[in-house]
Amino acid sequence: MPGCLKERPGFFIEMDTAPSPPHPFVEFRDVKFGYGARAILDGVSFAVPRGKVTALMGASGGGKTTVLRLIGGQQKAQRGEVLFDGSDVGGLDAGALYAARRRMGMLFQFGALFTDMSVFDNVAFPLREHTQLSEALVRDVVLMKLDAVGLRGARDLMPSEVSGGMARRVALARAIALDPDLVMYDEPFAGLDPISLGTAARLIRQLNDALGLTSIIVSHDLEETFRIADHVIILANGGIAAQGTPAEVRESADPLVHQFVNALPDGPVHFHYPGVSIEDDFGNVEGGRS
Ligand SMILES: Nc1ncnc2c1ncn2[C@@H]1O[C@H](COP(=O)(O)OP(=O)(O)OP(=O)(O)O)[C@@H](O)[C@H]1O
Ligand SMILES: [Mg+2]
């Protein structure tokens, strides 16, 4: 029983460790980050609950991949804290950062497989790079991961011989090869047909629950993402426009969120990347946009 005193015969009394209050697995606290003078995130705070699937959504160029890079420590916040399981990623030394990264699996946006390696070797790659496992154990782990994504039978195929949806599942097996605690998926559904998309989405959900992961999924596919996510964060114009359950976010009255969940092309989130005015580029255009 958690938190109670337990007697061990003859020798000592031991305090069973009570489960620590589950702090969020990832937390941003007032994070500011920009490339050069352009602020991408300005005072962003959110929490990614442990054991859940969290969707990170928002307009293209809004900073979603940047958020993942801050969690992975490839970029450092210019202000605020990026906490990964309670530690500020920006403050970790190289060794601690390496250790933290081993606990993260990443499916990169446009993340391709290594084209000159078989499906098996693609999944084996992180194991061979990061562990001292014998080849016999590597084989067992690779086949288990491929089995989890339904592709144990495809182990000997080359990437050119698998479909786009299968390649994504192989990349998924590779992302979970090291048994991470956190898996970050950047656009896992891009370019998939509706059937493969549904399969990939269900797989992300199932892997999260079966392996006890915490998952962050960046996606533009609103319907499928809302279907599998427990928690949704919408990033817009440098801040958080909404966060909550899919139902809560759908009901949000915020115009930014309304634009997003209803897929409106323009609104508070601008279609155009900031730049000089259209008049400056083309002169005065009759009927041109303001
Ligand atoms: N290495 C970089 N150097 C300079 N600017 C960058 C760099 N990476 C991204 N940016 C800029 O930062 C902004 C946010 O980029 P990011 O890739 O995080 O967006 P995103 O939300 O993932 O977009 P998408 O949905 O299109 O993938 C963009 O305006 C982009 O131009
Ligand atoms: Mg991106």
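A quick note: this is a predicted structure, and the numbers were derived from the prediction, not measured.

A.B. asks: Looking at this model, I keep getting lost on the confidence of the model for the chain. Mind explaining?
C.D. replies: In low-pLDDT segments, the atomic positions of the prediction should not be examined closely. Scored by pLDDT, the chain comes out at a mean of 86, with 86% of its residues at no less than 70. The least confident element of the chain is strand 1 (residues 5-7), whose mean pLDDT is 43; the most confident is strand 6 (residues 79-84), at 97. Low pLDDT (under 50) marks residues 1-15, which in the prediction has 13 contacts with non-local residues, meaning those over four places away or in another chain.

A.B. asks: What exactly am I supposed to notice about unusual backbone geometry here?
C.D. replies: Among all residues save glycine, negative phi is the norm, and among peptide bonds the norm is trans. Residue Asp85 is not a glycine yet carries a positive backbone phi of 50°. As for its position among the elements, Asp85 is in the loop between strand 6 and strand 7 (87-88). When the 16 C-beta atoms within 10 Å are taken as the criterion, Asp85 is described as partly exposed. Unlike most non-glycine residues, Asp179 shows phi in positive territory, near 50°. Examined against the element boundaries, Asp179 turns out to sit in the loop between helix 5 (164-175) and strand 9 (182-186). Residue Asp179 is classed as partly exposed on the basis of its 13 C-beta neighbours within 10 Å.

A.B. asks: Any chance you could explain the nonpolar core here in plain terms?
C.D. replies: Inside soluble globular proteins, nonpolar side chains tend to come together where they are buried. Within the largest apolar cluster, 73 residues are counted, with the highest numbers of intra-cluster contacts made by Ile71, Val123, Val170, Ala173, Met184 and Ile234. With seven residues, the top contributor of residues to this core is helix 5. Each residue touching Met184, except ones within four places of it in the same chain, is listed here: Leu68, Ile71, Met104, Met106 and Ile216.

A.B. asks: Quick question: what am I supposed to make of the site of ligand 1 here?
C.D. replies: Near ligand 1 there are ten residues, and of these Tyr35, Ser60, Lys64, Thr65 and Thr66 occur at the shortest range. Element by element, the count of residues in the shell around ligand 1 is highest for helix 1 (residues 64-71), at three residues. Grouping the constituent residues of the shell around ligand 1 by class yields two nonpolar, seven polar and one charged.

A.B. asks: Hey, could you run me through the packing of helix 5 against helix 6 (residues 194-210) in this one?
C.D. replies: Two quantities define a packed helix pair, namely the angle between the axes and the distance from one axis to the other. Here helix 5 crosses helix 6 at 15°, and the two axes come no closer than 10 Å. Considering their axes alone, helix 5 and helix 6 lie roughly parallel with respect to each other. Here helix 5 and helix 6 pass one another in a crossing that is right-handed. Along its contact with helix 5, which presents Gly165, Arg168, Arg169 and Leu172, the element helix 6 presents Ser196, Thr199, Ala200 and Leu203. Along the lines of polarity and charge, the residues of the contact of helix 5 with helix 6 split into three nonpolar, three polar and two charged.

A.B. asks: Would you explain the pairing of strand 12 (residues 239-244) in this entry?
C.D. replies: Moving residue by residue along a regular strand, the side chains alternate between the two faces of the sheet. Relative to strand 12, strand 11 (residues 231-236) runs antiparallel, the two being bridged by five bridges. Bridged to Ile233 within strand 12 is Gln243. With antiparallel pairing between neighbouring strands as the criterion, strand 11 and strand 12 make up a hairpin whose turn holds two residues, including Asn237 at a positive phi of roughly 45°.

A.B. asks: Hey, could you run me through the sheet that holds strand 10 (residues 214-218) in this one?
C.D. replies: Where strands meet in a sheet, backbone hydrogen bonds hold them as pairs that are either parallel or antiparallel. Spatially, six strands are ordered 8-9-10-5-11-12 in an open sheet, and the strand pairing comes out mixed. Of all strands in the sheet, those with a lone pairing partner are strand 8 (104-107) and strand 12, marking the two edges. Taken over all neighbouring pairs, the strand axes of this sheet differ in orientation by 15° on average, direction set aside. Of the strands in this sheet, strand 5 (53-58), strand 9, strand 10 and strand 11 touch helix 1, which is tilted by about 155° from strand 9.

Rules and cut-offs
Residues numbered from 1 in each chain as written. Chains lettered and ligands numbered in written order. Predicted model: local features only at pLDDT ≥ 70, side-chain atom pairs only at ≥ 80, totals over all residues. pLDDT = per-residue confidence, 0-100. Helix = DSSP H or I, 4+ residues; strand = E, 2+ residues; numbered from the N terminus. Contact = placed C-beta atoms within 7 Å. Buried ≥ 20, exposed ≤ 12 C-beta atoms within 10 Å, placed from the backbone. Core = buried A, V, L, I, M, F, W, Y, C linked by C-beta atoms within 7 Å. Near = placed C-beta within 6 Å. Nonpolar A, V, L, I, M, F, W, Y, C, P; charged D, E, K, R; others polar. Axes fitted to C-alpha atoms, helices over the stretch in contact; angles between N-to-C directions. Parallel < 35°, antiparallel > 145°, perpendicular 65-115°, else oblique. Left-handed = near helix turned anticlockwise from the far one by under 90°. Pairing = 2+ DSSP bridges.

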